[in-house]
Amino acid sequence: MQYFELLQGDAQSPRRGQWHTQRGTVQTPAFMPVATRALMRGPWHHQLRPMGTEMLLTNAFHLFTRPGLETVQALGGVHGMTGWDGPILTDSGGFQAFSLSKMTRPTDKGFEIDHPVHGGKISWTPQLAFEVQAAFQPDVAMLLDVCPAEPLVEKTCDDAVRTTLHWAKEQRALHEARGGAGSGQAQFCIVQGGVFPALREECAKGLVALDFDGYAVGGVSVGEGFHAMMAGVENSTGHLPLKKIRYLMGVGTPRDLVEAVARGIDLFDCVWPTRAGRFGTALTQHGRLHLLNAQFADDTSPIDPECSCDACQSGIPRGTLRAGFKAKELLPGMMLAQHNLHFIQNLMQEIRNSIEAGTFHTMKEQILLAYGADGAG
Ligand SMILES: [Zn+2]
């Protein structure tokens, strides 16, 4: 039986909480690193816990396409595949249907998606997304929803809300039939509605009536811009139960994290910190460093002299990393990905500490000074 415990905060303010699972407690606000195919891109898995990670995300749709249902089960589900003994959340593939862009339009039945590995078509339905996640045995399964693609006009978002609510009912019934909370798996739904407050409200209320274990805010960070994204968060969290966990999907720049925490979000995931690292960007307390810039060519400092992560303690200077990036060596990208994730988990710890101490807003202003200047975080 998994449940959220709200320790501090209310519906639309910074909140301290705990997500209790059979595999340990997650202190919130929390950030889940993304191991899409059960593998991190950069950090070693044994580095995740020391840097403050308590929960991991993998992607059920991607694992279904490769290595496939039977192989994932043979490898011990998502815990066996990742070697991670803490809680794991699997994403359901709704966002992949959006981002792969090879989808046909969603129907009442699901998505038809070109198989990214074997060719042919996959009929990715709410039933299949549910059954695959039941078989993969994550601690938290996400509903399959419809994440509308641009242009986010009202009709498109309205259709997405309608289908998302219809599928939510079906998947909630499947969950109940499997034993509900007694199955050992929690089920999170996803609020859609784009940039339209009335649609966000309708979707949130429709989902709340079905009583999920957690509520994600979806359909944000899809190119709508920072202010529209935060409006989407506010228009969702205001209609969600105070004492249930709220999860903002796909958000993870320092600025977006503190701004979303300020609006009552408890849980995050994002590939951005590790991806930025693999492309040569390091996160520091003072902002971003682009290590490919010429100014770092003969720089003997570590990535971040104030950081205690393995990469910064390795003795390898910025200049070596820059030269390595230029020569397409593997290690510089791995080291920066690991450093950036360490930075983000450290930031989450500072967020939690500052909420407890009543100093969150001061801390947020410092982050915005270093990271608030442009849309990339
Ligand atoms: Zn570091």
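That block above? That's the structure.
This write-up is about the structure you can find in this document. Remember, it's a predicted structure, so these values are computed and weren't measured experimentally.

**What to know about the sheet that holds strand β1 (residues 3-8)**
Pairing in this open sheet of three strands is antiparallel, and the strands run β1-β2-β3 from one edge to the other. Only two strands of the sheet have a single neighbouring strand rather than two, namely β1 and β3 (24-28). Pairwise comparison of adjacent strand axes, ignoring direction, gives a mean angle of 20° for this sheet. One ladder, built from five bridges, connects strand β2 (residues 16-21) with β3; its direction is antiparallel. For His20, the partnering residue across the bridge sits in β3 and is Thr25. Running at roughly 125° to β2, helix α12 (residues 331-357) makes contact with β1, β2 and β3 of the sheet.

**Quick look at the coordination of the zinc ion**
Distances from the zinc ion to its protein donors, Cys307 (SG), Cys309 (SG), Cys312 (SG) and His339 (ND1), fall within 2.1 to 2.3 Å. Classification of the site at the zinc ion as tetrahedral follows from its four donor atoms and the range of 96 to 120° in their angles at the metal. Read from N- to C-terminus, the donor residues coordinating the zinc ion fall into the pattern C-x1-C-x2-C-x26-H. Using a relative accessible area of 9% as the deciding quantity, one classes Cys307 as buried. The class of Cys309 is buried, set by a relative accessible area of 1%.

**Some thoughts on the packing of aromatic side chains**
Within this structure, the stated rule accounts for six aromatic pairs. The interplanar angle of 75° and the centroid separation of 5.4 Å between the aromatic rings of Trp19 and Phe188 together place this pair among those described as edge-to-face. Pair noted here: Trp19 is in strand β2 and Phe188 is in strand β10 (residues 186-191), with a separation of 169 residues, a long-range link. Under the relative-accessibility criterion, Phe188 is labelled buried at 0%. Between the aromatic rings of Phe64 and Trp124, the centroid separation amounts to 5.2 Å while the plane-to-plane angle is 45°, which identifies the pairing as tilted.

**With respect to the side chain of His342**
For His342, the position within the fold is in helix α12. Not counting residues up to four positions away in its chain, the partners in contact with His342 are Met51, Cys307, Ser308 and Cys309.

Conventions adopted
- Residues numbered from 1 in each chain as written.
- Predicted model: local features only at pLDDT ≥ 70, side-chain atom pairs only at ≥ 80, totals over all residues.
- Heavy atoms only, no water.
- Pairing = 2+ DSSP bridges.
- Helix = DSSP H or I, 4+ residues; strand = E, 2+ residues; numbered from the N terminus.
- Axes fitted to C-alpha atoms, helices over the stretch in contact; angles between N-to-C directions.
- Contact = heavy atoms within 4.5 Å.
- Donors = N, O, S within 2.8 Å, 3.2 Å for Na, K, Ca; no water.
- Tetrahedral: all angles 85-135°; square planar, octahedral: opposite > 155°, others 65-115°.
- Buried < 20%, exposed > 50% of the residue type's maximum accessible area, 1.4 Å probe, protein only.
- Phe/Tyr/Trp six-rings, centres within 6.5 Å; stacked < 30°, edge-to-face > 60°.

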